[in-house]
Structure formats: C-alpha cells, structure tokens
Amino acid sequence: MKKLKSQLAILFSLFCLFMACTKELSLENGGFTGSATGELVDSLGNCKNITVRGTYVVDTALTNNNFILVNVNFTATGKYNISSDTVNGMWFVDSGFAISLGPTEIKVNGKGTPILGKAANFKLFFNNTQCSFTINASGSGGGSGGGSGGGGGSTGSKGDYFPTTSGSSWTYQYLPKLGNVDTFNVTVAVQQVVVPNDTLVYSKFGTSLQDTFYFSKDGKGTYYTYSTVDFDYTFLFDSIPNAFIGYPFLKENAIVNETWETIPYGKVRYGTGTTAKRGMAKAVFKVISKNTSPYTVGGNIYQNVINIERDIQFLADGTTAYVSLLKGNSFYAKDYGLIDQVIGTPIQKVSLFKIPSIK
C-alpha cells in the first residue's frame, strides 16, 4: 500500500493520447481510411427529419426493430460514427463507411432498455452537428427531427447502482490521507466519448485532482469502465499503455459468488528500481453480497448495497501464472453509485464523504 499511496497519476494526458490515436488519415487513392464529414442539417442550418421505428416498452430490451432513420449529407467519404446521448436507459449508435457524397439515409440502431414510461428527448451527434428527437417509452416510438445547437445529453437516472447523469457529483475522502490529499470531488461532464469498436457511449467523470474516468452501462444492469484494471480513483502500476480497455465492473443481476474477469491488459510495470517488473495485468471480480444489510459511510445509512470484490492480478514477463497483487471491495448503493472502497492491508479507503447529488 505504500506503493499505492505514493501515486496519484493524472490520466488526462492518456486521454489526449487516446483521442489523438483515434484520428483517421485523410482519404487517399480511393481508399476508406479517412473520416467521413457531413451534416445532419440543411444549408440553412435546420435539422432534417429523424424517423423513429419500433415499439418502446418499459423493462423490455431494445432489439433490431428499434432504430431511427437519419438523413445525412456527406461531404467527404470515409468512416463515420453517429450516436445519441443516453436517456431513460436507451441510446442510439451506428458506424460504417460513407462511399458516396451527398444526402443519404442512415439507420441508427437503438440500444438499452427503457426505465420509465415517459417521453424522452434525445440529441443525435455527427461531425459537430446535432439534432433532437423524442422516444415515447410507454408504447409506440414516435419522433421527428428538431432544433440544433449546443448542449449534451443526460445519461442515466435514479434507480441505477452507478448513475452516469451529467451534472451528478460526489465528494470522496481518502482514509487515511494520500499525502496532502484528503477529500476530492467527482462530477459527470456533459461531453461523452465514443470508443472505436465499442458499442457503448462512455460518460466522462472528472475529478478535482484533474483525473478523468469513463463509465457506461448497457441498460440491462451491467456497468462498464474504459480504463486500466485499477480500482476507481487509485493507481497501482508505475506505467501503463497509452490505451485503455473496456470491461464490466458491476453486474447488478449477478448472483452472490458469481465471478468474471477482464481480458489481459498491458504491458504494465509494477515496482520501482531494480525490483520493477513488467508484464500483463487483469482484474477478477466476485459478488460478495447483495442488499443484505444497510451500509453506513460518512455518517449516512445506505440501503440496497452490492459488495463487489476486485482482485488485481499480475503476470510478470517470463512467468506462467498470475499472482494477486491487491484485493479490495467496492460498495455500490442503488440511486447513489460508488459509496465506499476498502482496499488492501493496511486498509486504504475511498469513502463517500456526504450524500451525493444525482441529477
């Protein structure tokens, strides 16, 4: 834990590297390695019509029959990605290649599961343009294109074990302090991140320590991070690759003692000086308990808490077996998200300091 306490690495630079790596090359020699450009709006800046297809029923996962038809005017061929924000447990996303210029109708597939029976207003994004549409989650979907302009979408809602709604905020406390750091704040940004070859749209969680984290959910009770294999808001390894991996860190529908693990991640370096080793790492998760008793932290009592054990394991170069480096438990409360992390021996905690503000 001395190692853990000595490191509060800043991930912002890694995010910049990641975003730089996602930029495509210009279209050359008729190939399709470039990024498509275009607009969702007409020459006057008005949004074109968005047609909603399918029936949207509370607690019923979206299928291939749930999609929107979007009119896009492509001005350069290449790879494109069109996505919406996440509202009421649903989102829309599509990627592909534009092979011709001019107006084209694109089918954008729906993902997730409606949570509440209400009208949900979405924003659709493509190439610095955005348009809105509405999904009625109590019956048949219906909607049309509308307005443009700034602003991002909200993600998540109360009822989640890990809310991702933009504007939500938490205050945590390191116990004991990490150096001079006692408490820090976490706030969900309006902006979201689309990861190449990943169907999820990730919300950005920024901290007052200038770190950035990325979380998402599938609308079916599974929550994901795009990160290293470390615990939230703590760092174990001296060096990591300049790209993250996506993996589930919480499954609210998993049964007690159910386990899962990440893919191998690396190369990472563990230790310093002559004792430093390089190799691969992974995290193994296990459901310890679900809603068995109230959990008290920061002087407040939280109900409906899931306890997830995370075991960070390391496979050093030249060896054949993973060894456990660090174990800990993360506690997630329904409606509030992460409320406590109890890590290692001696214990290092990342505890909720007060009741969070969930938008």
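Below or above, wherever it landed, is the structure these notes cover. Treat the numbers as computed from the prediction; the structure is a model and nothing was measured.

Topic: the overall build of the protein
Line of reasoning, step 1. On a plain count of helices and strands, the protein comes out with two helices and 23 strands.
Line of reasoning, step 2. Counting only residues that meet the buried cut, the protein has 48% of its 359 residues in that class.
Line of reasoning, step 3. Within the protein, residue pairs in contact and separated by at least 24 positions form 60% of the contacts whose partners lie at least 6 positions apart.
Line of reasoning, step 4. Taken as a whole, the protein presents about 16,000 Å² of accessible surface, with 50% of it coming from carbon and sulfur.

Notes on the pattern of salt bridges
Line of reasoning, step 1. A full pass over the atoms with the stated rule returns four salt bridges.
Line of reasoning, step 2. Here Asp 160 makes a salt bridge to Lys 217, at a shortest N to O gap of 2.2 Å. Highlighted residues: Asp 160 in the loop between β8 (129-136) and β9 (169-178) and Lys 217 in strand β12 (residues 212-217), separated in sequence by 57 residues.
Line of reasoning, step 3. The residue Lys 349 makes a salt bridge to Asp 340 at a minimum N-O spacing of 3.4 Å.
Line of reasoning, step 4. Judged by relative accessible area, Lys 349 falls into the partly exposed class, the value being 24%.

A look at the pairing of strand β6 (residues 102-112)
Line of reasoning, step 1. Bridge count for strand β3 (residues 67-76) against β6 is eight bridges, and the pairing is antiparallel. Within the sheet, the bridge partner assigned to Val 72 lies in β6 and is Thr 104.
Line of reasoning, step 2. Bridge count between strand β5 (residues 90-98) and β6: four bridges; the pairing is antiparallel. Note that in β6 the partner of Phe 92 across the bridge is Gly 110.

Thoughts on the packing of aromatic side chains
Any two aromatic rings considered together are summarised by their centre-to-centre distance and by the angle between their planes.
Line of reasoning, step 1. Within this structure, the stated rule accounts for 29 aromatic pairs.
Line of reasoning, step 2. Plain terms: the ring middles of Phe 213 and Tyr 233 are 4.8 Å apart, the flat faces sit at 75° to each other, and that makes the pair edge-to-face. Taken as a pair, Phe 213 in strand β12 and Tyr 233 in the loop between β13 (222-227) and β14 (245-251) lie far apart in primary sequence, 20 residues in all.
Line of reasoning, step 3. Residue classification places Tyr 233 among the buried positions, given a relative accessible area of 3%.
Line of reasoning, step 4. Aromatic rings pair up to connect Phe 162, Trp 170, Phe 205, Phe 215, Phe 249 and Tyr 332 into one cluster.
Line of reasoning, step 5. When the ring centre of Phe 67 is taken as origin, the NZ or CZ atom of Lys 107, which lies over that ring, is 4.5 Å away.

Topic: the nonpolar core
Line of reasoning, step 1. In terms of nonpolar packing, the biggest core is built from 62 residues, with Phe 162, Tyr 172, Phe 205, Tyr 233, Phe 249, Leu 250 and Ile 339 touching the most fellow members.
Line of reasoning, step 2. Tallying contributions element by element places strand β20 (residues 305-316) first for this core, with six residues.
Line of reasoning, step 3. Beyond its immediate chain neighbours, meaning those up to four positions away, Phe 162 contacts Phe 205, Phe 215, Tyr 223, Asp 232, Phe 249, Leu 250, Tyr 332, Gly 337 and Leu 338.
Line of reasoning, step 4. Within the second largest apolar cluster, 28 residues are counted, among which are Val 87, Ala 120, Leu 124 and Phe 133.

So, the side chain of Arg 310
Line of reasoning, step 1. With respect to the secondary-structure elements, Arg 310 resides in strand β20.
Line of reasoning, step 2. As a buried residue without a salt bridge, Arg 310 has its nearest oppositely charged side chain in Asp 232, at a separation of 4.2 Å.

Thoughts on the environment of Lys 123
Line of reasoning, step 1. Tracing the chain through its elements places Lys 123 in strand β7 (residues 119-126).
Line of reasoning, step 2. Judged by relative accessible area, Lys 123 falls into the partly exposed class, the value being 26%.
Line of reasoning, step 3. Between the alpha carbons of Lys 123 and Asp 85 there is a distance of 5.9 Å; along the sequence they are 38 residues apart.

Criteria and thresholds
Residues numbered from 1 in each chain as written. Predicted model: local features only at pLDDT ≥ 70, side-chain atom pairs only at ≥ 80, totals over all residues. Heavy atoms only, no water. Helix = DSSP H or I, 4+ residues; strand = E, 2+ residues; numbered from the N terminus. Buried < 20%, exposed > 50% of the residue type's maximum accessible area, 1.4 Å probe, protein only. Contact = heavy atoms within 4.5 Å. Areas by Shrake-Rupley, 256 points an atom, 1.4 Å probe, with all protein chains shown as cover. Salt bridge = Lys/Arg side-chain N within 4 Å of Asp/Glu carboxyl O. Pairing = 2+ DSSP bridges. Phe/Tyr/Trp six-rings, centres within 6.5 Å; stacked < 30°, edge-to-face > 60°. Lys NZ or Arg CZ within 6 Å of the ring centre and 35° of its normal. Core = buried A, V, L, I, M, F, W, Y, C linked by side-chain atoms within 4.5 Å. Lys, Arg positive; Asp, Glu negative; His and termini not counted.

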